[in-house]
Amino acid sequence: MLLCLLQVKHMLADYFLQTRSMLDGRADYLHMGRLAHVGVHGAGSAIVFLIVGSSLLFVFPLVLAEGIVHYHVDWWKGRYTSEQQLTTADAAYWRASGIDQALHQFTYIGMIWLWGVYGAAGI
């Protein structure tokens, strides 16, 4: 169930709640739109983990770590696709997009593992 909740959260945050300002300038490291995007992900993840009964003491560092990883994965993809001048018409764009999404999913697997070890115990 936890993975399903994170999947729905990810779909909403990445595909339904991103604004133009979150998408523009993604090759820049310091990007306020990316910070806002990461905030949407963090809020969603916090809600998911609170739904399953995790404590705030567990949720806060988990969501902070997720945000740092998510920020850097998205920055890599933005920088790479910009440097390579890739568009949605390029196969390399979709490969980069697939890597980006896979890394986010691996992050969720790690978060679920941490929840199993620490969060489910009420830490």
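Treat the numbers as computed from the prediction; the structure is a model and nothing was measured.

Quick notes on the rules
- Residues numbered from 1 in each chain as written.
- Predicted model: local features only at pLDDT ≥ 70, side-chain atom pairs only at ≥ 80, totals over all residues.
- Heavy atoms only, no water.
- Helix = DSSP H or I, 4+ residues; strand = E, 2+ residues; numbered from the N terminus.
- Rg over C-alpha atoms; globule rule 2.2 N^0.38 Å.
- Buried < 20%, exposed > 50% of the residue type's maximum accessible area, 1.4 Å probe, protein only.
- Lys, Arg positive; Asp, Glu negative; His and termini not counted.
- Charge placed at Lys NZ, Arg CZ, Asp CG, Glu CD.
- Expected span 1.5 Å × (residues − 1).
- Patch = residues over 30% accessible without salt bridge, like charges linked within 9 Å, V, L, I, M, F, W, Y side chains within 5 Å.
- Areas by Shrake-Rupley, 256 points an atom, 1.4 Å probe, with all protein chains shown as cover.
- Salt bridge = Lys/Arg side-chain N within 4 Å of Asp/Glu carboxyl O.
- Core = buried A, V, L, I, M, F, W, Y, C linked by side-chain atoms within 4.5 Å.
- Contact = heavy atoms within 4.5 Å.
- Axes fitted to C-alpha atoms, helices over the stretch in contact; angles between N-to-C directions.
- Left-handed = near helix turned anticlockwise from the far one by under 90°.
- Nonpolar A, V, L, I, M, F, W, Y, C, P; charged D, E, K, R; others polar.

Attention now moves to the overall build of the protein chain. Each helix and strand in the protein chain was counted, giving five helices and zero strands. N-terminal to C-terminal, the α/β element order of the protein chain is α-α-α-α-α. The C-alpha radius of gyration of the protein chain comes to 15 Å, within 12% of the 14 Å expected for a compact globule of 123 residues. Each of the three principal axes of the protein chain carries a C-alpha extent, and together these read 45 × 25 × 20 Å. A total of 123 residues make up the protein chain; the buried ones form 40% of that total. A gap of 1 Å separates the mean positions of the 7 positive and 8 negative side-chain charges of the protein chain.

Between its terminal C-alpha atoms helix H3 (residues 32–51) stretches 29 Å, which fits the 28 Å expected from 20 residues at 1.5 Å a residue. Among the residues of H3, Gly33, Arg34, His37, Val38, His41, Gly42, Gly44, Ser45, Ala46, Val48 and Phe49 are the ones counted as buried.

Here we come to unusual backbone geometry. One non-glycine residue with positive phi stands out, namely glutamine 85, at about 55°. Take glutamine 85: it is sitting in the loop between helix H4 (56–83) and helix H5 (91–119).

Turning to a nonpolar patch on the surface, a few remarks are in order. On the surface, a cluster of nonpolar side chains totalling about 610 Å² of accessible area is made up of Val8, Met11, Leu12, Tyr15, Phe16 and Leu17. Relative to the helices and strands, valine 8 resides in helix H1 (residues 2–16).

Ranked by size, the top nonpolar core spans eleven residues in total: Leu2, Leu6, Ala46, Val48, Phe49, Phe58, Val59, Leu62, Val63, Tyr108 and Met111. Mapped onto this core, the elements with two or more residues apiece are H1, H3, H4 and H5. The element that contributes the greatest number of residues to this core is H4, accounting for four residues. Those residues in contact with leucine 2, other than ones at most four positions away along the chain, are Val48, Phe49, Val52, Ile112 and Trp115.

Look at H3 against H4: their axes get within 9 Å of each other, and the N-to-C directions meet at 145°. Our pair here, H3 against H4, has a crossing hand that is right-handed. Between H3 and H4, the residues in contact are Arg34, Leu35, His37, Val38, His41, Gly42, Ser45, Ala46, Phe49 and Leu50 and Leu56, Phe58, Val59, Leu62, Val63, Glu66, Gly67, His70, Tyr71, Asp74 and Trp75, respectively. When its residues are assigned to classes, the contact of H3 with H4 shows twelve nonpolar, six polar and three charged.

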